[in-house]
Amino acid sequence: MVRNVAIVGIGQTKCGRRSDVTLSELVYEATKKGLEDAKLMNKEIDAVVCGSMPGYQCGINDSQYYIVDGLGGFSKPVIRIATCGSTGGSVFHSAYYHVASGLFDIVLAVGHEKMSEGDSQGVMSNVTDPFIQRPFLGGAPGVFALQFSQYESRYNISHERARAATAEISVRNHLAAFDNPYAHLKIKCTIEDVLKSQMLCYPIRMLDCCPSSDGACAIILASEEKAKKITDNPVWVKGLGYAGDEQWLGDKDFVEWLSPITASRRAYKMAGIEDPGKELDVAEVYNPFTWQELLWYEQFGFCGKGEGIKMVEDGMTEKDGDMPIAPSGGTLCTNPIGATGMQRVAEAAMQVRGTAGKHQVKGAETGFASAMGGVVQYTAVTVVSKNL
Amino acid sequence: MRNVAIVGVSQIPHTEATLDKSIFEMDYELTKGLIDKVGISKDDIETVIEASSDYWRGIACSNIHTLESTTGYLKEVSKVEQDGAFGFLYAYMRILSGQFDTALVVSDTKCSEIDMPFSNITNISADPIFQRWIGIDEISSAAIQAQDYMQRYGISEEQIAKVSVKNLKNALNNPYAHKKGRIKVDDVLRSPMLSYPLRELNCCPYSDGACAIILASEEKAKKITDNPAWIRGVGWGMDSYFLGDRDLVDTTVLKTASRRAYKMAGIEDPRRELDLIELSEPFAPQELLWYEGLGICKEGKGGTLIDEGTTEMEGNIPVNPSGGVLSFNPYVARGLIRIAESAMQVMDKAGEHQIPDAETALAHAIGGFAGEAHAVICLSK
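Going by the annotation in an unreviewed UniProt entry, the name recorded for chain B is Thiolase family protein, with Candidatus Methanolliviera hydrocarbonicum given as the source organism.

If you look chain A up in an unreviewed UniProt entry, it shows as Thiolase family protein from Candidatus Methanolliviera hydrocarbonicum.

Participant: I would appreciate a short explanation of the interface of chain B and chain A in the present structure.
Facilitator: You'll often see interface size given as the accessible area lost when the parts meet. With 54 residues of chain B in contact, the opposing surface of chain A contributes 58 residues. Of the roughly 5,000 Å² buried between chain B and chain A, counting both surfaces, carbon and sulfur atoms make up 58%. There are two salt bridges connecting chain B and chain A. The salt bridge partner of B:E81 is A:R80, with a shortest N-O separation of 2.9 Å. One can count 28 residue pairs in polar contact (both at pLDDT 80 or more) joining chain B with chain A. Elements with a contribution of two residues or more to the side of chain B that touches chain A: α2 (54-57), α3 (63-66), β3 (76-80), α4 (84-96), β8 (229-238) and α10 (252-265) of chain B.

Participant: I tried to follow helix α15 (residues 334-346) of chain B on my own but got confused; where do I start?
Facilitator: Counting along an α-helix, one turn takes 3.6 residues, and residues three or four places apart therefore face a common direction. Residues and elements named next belong to chain B. In this model, α15 (13 residues) spans 19 Å end to end at C-alpha, consistent with the 18 Å of a helix rising 1.5 Å per residue. Counting buried residues along α15, 13 of its 13 residues qualify, which places the element largely inside the surrounding structure. Of the residues one or two after α15, D348 is the one with positive phi, at around 65°.

Participant: How should I be thinking about the environment of A:G341 in this particular structure?
Facilitator: Residue and element names in this part refer to chain A. Structurally, the position occupied by G341 is in helix α15 (residues 337-353). Each C-alpha atom of the pair G341 and G89 lies 4.8 Å from the other, and the pair is 252 residues apart in sequence. Beyond its immediate chain neighbours, meaning those up to four positions away, G341 contacts G88, G89, Y286 and A371.

Participant: Help me understand the packing of helix α6 (residues 138-153) of chain B against helix α12 (residues 284-294) of chain B, please; the structure alone is not making it clear to me.
Facilitator: Packed helices, taken two at a time, are described by the angle their axes make and the gap between the axes. Residue and element names in this part refer to chain B. Running from N to C, α6 and α12 point in directions that differ by 60°, and their axes come no closer than 10 Å. Between α6 and α12, the angle is such that the two are oblique. Considering how the two elements wind past one another, α6 and α12 form a crossing that is left-handed. Residues A142, Q145, A146, Y149 and Y153 of α6 touch α12, and the partners they reach there are P285, Q286, L288, L289, W290 and E292. Residue composition of the contact of α6 with α12, by class: eight nonpolar, two polar and one charged.

Participant: Can you walk me through the confidence of the model for chain B in this structure?
Facilitator: As a general rule, the predicted coordinates of low-pLDDT regions are not to be interpreted in detail. On average, residues of chain B score 97 in pLDDT, and 100% of them are at 70 or above. Overall fold confidence for the complex sits at a pTM of 0.98, while the interface term, ipTM, reaches 0.97.

Participant: Just checking my understanding: could you explain the environment of A:S264 for this structure?
Facilitator: Residues and elements named next belong to chain A. With respect to the helices and strands, the residue S264 is situated in helix α10 (residues 258-271). Residue S264 is classed as buried on the basis of its relative accessible area, which comes to 0%. For the pair S264 and Y242, spaced 22 residues apart in the sequence, the C-alpha separation amounts to 7.6 Å. Setting aside its immediate chain neighbours within four residues, S264 contacts Q299, F300 and V381.

Participant: In this structure, what is going on with the packing of aromatic side chains? I would like to understand it.
Facilitator: Any two aromatic rings considered together are summarised by their centre-to-centre distance and by the angle between their planes. Applying the stated criterion across every chain yields a total of 23 aromatic pairs over all chains. Pairing A:Y151 with A:Y155 gives two aromatic rings, centres 5.6 Å apart and planes at 80°, and the pair type is edge-to-face. The buried category is assigned to A:Y151, whose relative accessible area is 0%. Their ring planes at 75° and their centres at 5.1 Å tell us that B:Y241 and B:F242 sit as a pair that is edge-to-face.

Participant: Is there a simple way to think about the pattern of salt bridges in this case?
Facilitator: Once the charged atoms of two side chains with opposite charge are near each other, the side chains can pair. Residues and elements named next belong to chain B. Scanning the model with the defined rule gives 48 salt bridges over all chains in all. Across the salt bridge formed by E299 and K255, the nearest N and O atoms sit 2.9 Å from each other. Here K255 lies in helix α10 and E299 lies in the loop between α12 and α13 (302-307), a separation of 44 residues in the sequence. For D269, the salt bridge goes to R272, with nearest N and O atoms at 3.3 Å. On the accessibility criterion, D269 (28% relative accessible area) is partly exposed.

Participant: Help me out: how do you make sense of the sheet that holds strand β11 (residues 378-385) of chain A in this one?
Facilitator: Remark on secondary structure: sheet strands pair via backbone hydrogen bonds, oriented parallel or antiparallel. Residues and elements named next belong to chain A. Taken in spatial order, the nine strands line up as β3-β2-β4-β7-β1-β8-β11-β10-β9 in an open sheet, and their pairing is mixed. This sheet does not close on itself; its edge strands, each paired only once, are β3 (78-80) and β9 (282-284). Across this sheet, the average inter-strand angle for adjacent strands is 25°, counted without regard to direction. Contacts between helix α1 (residues 23-38) and the sheet are confined to β1 (5-12), β4 (106-114) and β7 (214-223), with β1 contributing the most and set at about 130° to the helix.

Criteria and cut-off values
Residues numbered from 1 in each chain as written. Chains lettered and ligands numbered in written order. Predicted model: local features only at pLDDT ≥ 70, side-chain atom pairs only at ≥ 80, totals over all residues. Heavy atoms only, no water. Contact = heavy atoms within 4.5 Å. Buried area = accessible area lost by both parts, 1.4 Å probe. Salt bridge = Lys/Arg side-chain N within 4 Å of Asp/Glu carboxyl O. Polar contact = N/O pair within 3.5 Å; in protein donor to acceptor, adjacent residues only side chain to side chain. Helix = DSSP H or I, 4+ residues; strand = E, 2+ residues; numbered from the N terminus. Expected span 1.5 Å × (residues − 1). Buried < 20%, exposed > 50% of the residue type's maximum accessible area, 1.4 Å probe, protein only. Axes fitted to C-alpha atoms, helices over the stretch in contact; angles between N-to-C directions. Parallel < 35°, antiparallel > 145°, perpendicular 65-115°, else oblique. Left-handed = near helix turned anticlockwise from the far one by under 90°. Nonpolar A, V, L, I, M, F, W, Y, C, P; charged D, E, K, R; others polar. pLDDT = per-residue confidence, 0-100. Phe/Tyr/Trp six-rings, centres within 6.5 Å; stacked < 30°, edge-to-face > 60°. Pairing = 2+ DSSP bridges.

Printed below as a string of structure tokens:
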């Protein structure tokens, strides 16, 4: 007998460089907003799950203790989940299982990050074994650049064509961020701006790449019975999926990438979705890099192999297209790593309950959210819906 | 609510330094050994929760490295970055949800691969603005707690020493334990002072070790073994963070967690109904304090309980028949090991440190400074 679980409250902080708050205060901001959104008192939260990227980033070991006051967690069951970039998704999944288990009725999930207080590329270069791969890595862009080159080569896609589509992706996300009050980067950019921006790691340029942001995101989940009392606009968690694949870069296929393929199929199966391209109304895809966004369409089954570019060229991924991708501006414009995966779920939920404001996709009823972690290794997928 | 059981547990012998195996190899050997022992295949494990720490392992997002050595490839996995007991709790919730029927929990630490004082790592969990610079760490916070405990209730150095004597003696019958020996109270009182009043023999070692547990839903459990250890009750909670905000001798968080576990398990009188306890006592005075928090004696009476011999192997409620954290401490895994040891007891598989007729056991884990977080798990036959 599977317990139905719903999202009943969402709280996001303004993201960017938040020198005005400590990590705990940042968490407090998100938690407080979540409680206000759900119209709940802190004491009504039965348990808390929190998480962030590798703890070297904030320079505090076991940060779950440090932020206890921001979480309202005193005397409550608290668990910290950490799966690198997929943390936000994993924390959300854990909170779901807390409620689905029957042990708790109302659970708070918080993803948090202060990127500004640490050396994120240095930290990310340690997301690997210390003997063989670590000297290689060059932070995040280094590895993903390999992925994108492989993609073009596998499907025989000309670099010009891929470059044109990814520049459009950049423009679309950056423009969308203006309609998201919480987004970090609000940059007016044209295709030409993207193509002229500083090269970081071929072919990734500055405007193909996410920023380093401070931010936190809180989501409150409740059992069906409690959810129906708390709100008449609950967002039902219909499907979850998670998978990790090879750690050794030489072992893995970057292009037919088993981690997101496996994770999404599990989530779709649970949600009863057979044709994601048709049945999903909006997809908040974790997109720290423009090229990777293209790859995600294919991994998640929104289109066939090698057809991601066509989705862009045909305008399908625009807010009013057939498959709106990241109408929030996505990870490309806002990336507080521990929170980002949770923001994708929050944004998908906001779409589905009709509270996405200026970036609302009309009539969205079923939403998709993803998060990615590790060195091209982990994917968390969540499907939410207005309908039980 | 679904019934969930532990169907198999495994430990790597805990040592000062396991030099011939990397953490990847340790986890592989451990996991393979466990699934073979239990008689299932890796495909039978539906979800894997790893409990490991980036700071203790020196790898960011630690489980990226050991995913493949713990059957995690392409499976529903996650990582709890806390004591292994919290990983266990998450795995338990996954099965309770009905979405999974089997789960594997793995936790490990190789303290020997850390080339800095361990106090540096625990000091890094102190906030960087106020507390870190005074050098507060796991041992000094436990020392402050011990001083307060001794002053408030008159707990003596001798009573504290008895914990070390008991646990190191118990460890002699545990082939997995790292530190063991037949010592006397005098030996403890003469050992070097590390952080007043904690002497070397009042303090845990730092070990290399790992532990894995397989859980299953009732239906699956009964197919796998006719001797599972049923999970009857759980509870966990977290205290305030700033040491000045806490009364370190106040065990309210432990009381709340254990009462929740007892209620779920239908235990009304833990002192009588529990056959044994495996608690987490990296510092000897904490064992006495946790007796009080767990409700097996009144407040302030932890010292009396050990004087009476109640918690010895032959006593009414043996505590730490395995030797406890004082005898082996692969840091992150220590709470999971308490669960494994408790399961071994109720499954009648504890070998030379078996408590006869053990049917109901309690496992306890802590996290943070001076027991900032507690987890309690009740198991029974």
